[in-house]
Amino acid sequence: MLKIEYDGKKYEIPQSFDELTLEQYCKAFYKLPKVEEDMSELEKFKIVKENESRILSRIMGEQDDFCMNLPLGIYARLNEAIQFIYDSNYFIKNAKAGIVIDKKRYSIPPMSEMSMRQYIDADVVMQNESDMQYIELLSVLLLTQDNNGKWIPYNGDYQELMGKVRQLKCSDALGLVYHFFKKGEALKKISKASMKMEEVNQQLQHIQNS
């Protein structure tokens, strides 16, 4: 963590996916303005740079315009610290089918193994947009298996798991997110999830290439 004090307030800035939580990541990229193809290069550049500032502000736990008012020297130092977040190749390199939470391995079952209740709950979550939407959706979809490899049925009580999922390190969680939101058969059936993941990927590409 990069520790810094500004205007009487102390901040800890993550410098790797090991130090960034899934909740911080989701909030950082929530509803950022989009770069449209018909924009001029100047307009695209402006949005990309403003989005960089918004992302940093959110990671610091501040309002979106907070970092716009920082002295340039401080801003440059903080922005450099979080450059890891724009490594779009990280998702591909670390794609995985499961994750361990409290010594239990969780994964997302194939569609054929989901109950109607689980699928409906997942669909309801996707209708209620928020900065915690992906975390809530993962909490609905993640299941464990018994000693015989059979899926333990979904019981509808996912709130406790959600509290743990939100605190997962991105180094643990993002490989799973990429695997299922981008490639997974289960979430391709929930079209809004795939569309939103694609928006985040586009934001990463624009910032990475700027």
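Scroll up to find the structure.
Attention here is on the structure that accompanies the text. Quantities reported herein were computed from a predicted structural model and do not represent experimental measurements.

There is a patch of nonpolar side chains on the surface, built from Met116, Ile120 and Val124 and spanning about 290 Å² of accessible area. Tracing the backbone through its elements, the reader meets Ile120 in helix H5 (residues 116-127). Under the relative-accessibility criterion, Ile120 is labelled partly exposed at 41%.

Below, the discussion takes up unusual backbone geometry. Most peptide bonds adopt trans geometry, and most residues besides glycine take a negative phi value. Phi is positive for Lys31, which is not a glycine, with a value near 50°. Relative to the assigned elements, Lys31 resides in the loop between helix H1 (22-28) and helix H2 (41-59). Looking at Lys31, the relative accessible area reads 56%, which means it is exposed. Even without being a glycine, Lys103 presents a positive backbone phi close to 70°.

Here we take up helix H3 (residues 72-81). For H3, the complete set of buried residues consists of Tyr75, Leu78, Asn79 and Ala81. On an axial view of H3, the arc spanned by its buried residues comes to 155°, and they lie on one face. In H3, the exposed positions angled more than 90 degrees off the buried face are occupied by Leu72, Gly73 and Glu80.

Turning our eyes to something else, we now look at the pattern of salt bridges. A complete count under the given rule lists 13 salt bridges for this structure. For Glu52, the salt bridge goes to Lys49, with nearest N and O atoms at 3.4 Å. Of this pair, Glu52 and Lys49 are both found in helix H2, 3 residues apart, which corresponds to roughly one turn of the helix. Given a relative accessible area of 6%, Glu52 falls into the buried group. Classification of Lys49 by relative accessible area gives partly exposed; the value is 30%. Close ionic contact of Lys164 with Asp102 constitutes a salt bridge, the shortest N to O distance being 2.6 Å.

Cut-off values and rules
- Residues numbered from 1 in each chain as written.
- Predicted model: local features only at pLDDT ≥ 70, side-chain atom pairs only at ≥ 80, totals over all residues.
- Heavy atoms only, no water.
- Patch = residues over 30% accessible without salt bridge, like charges linked within 9 Å, V, L, I, M, F, W, Y side chains within 5 Å.
- Areas by Shrake-Rupley, 256 points an atom, 1.4 Å probe, with all protein chains shown as cover.
- Salt bridge = Lys/Arg side-chain N within 4 Å of Asp/Glu carboxyl O.
- Helix = DSSP H or I, 4+ residues; strand = E, 2+ residues; numbered from the N terminus.
- Buried < 20%, exposed > 50% of the residue type's maximum accessible area, 1.4 Å probe, protein only.
- Arc of directions from axis to C-beta.

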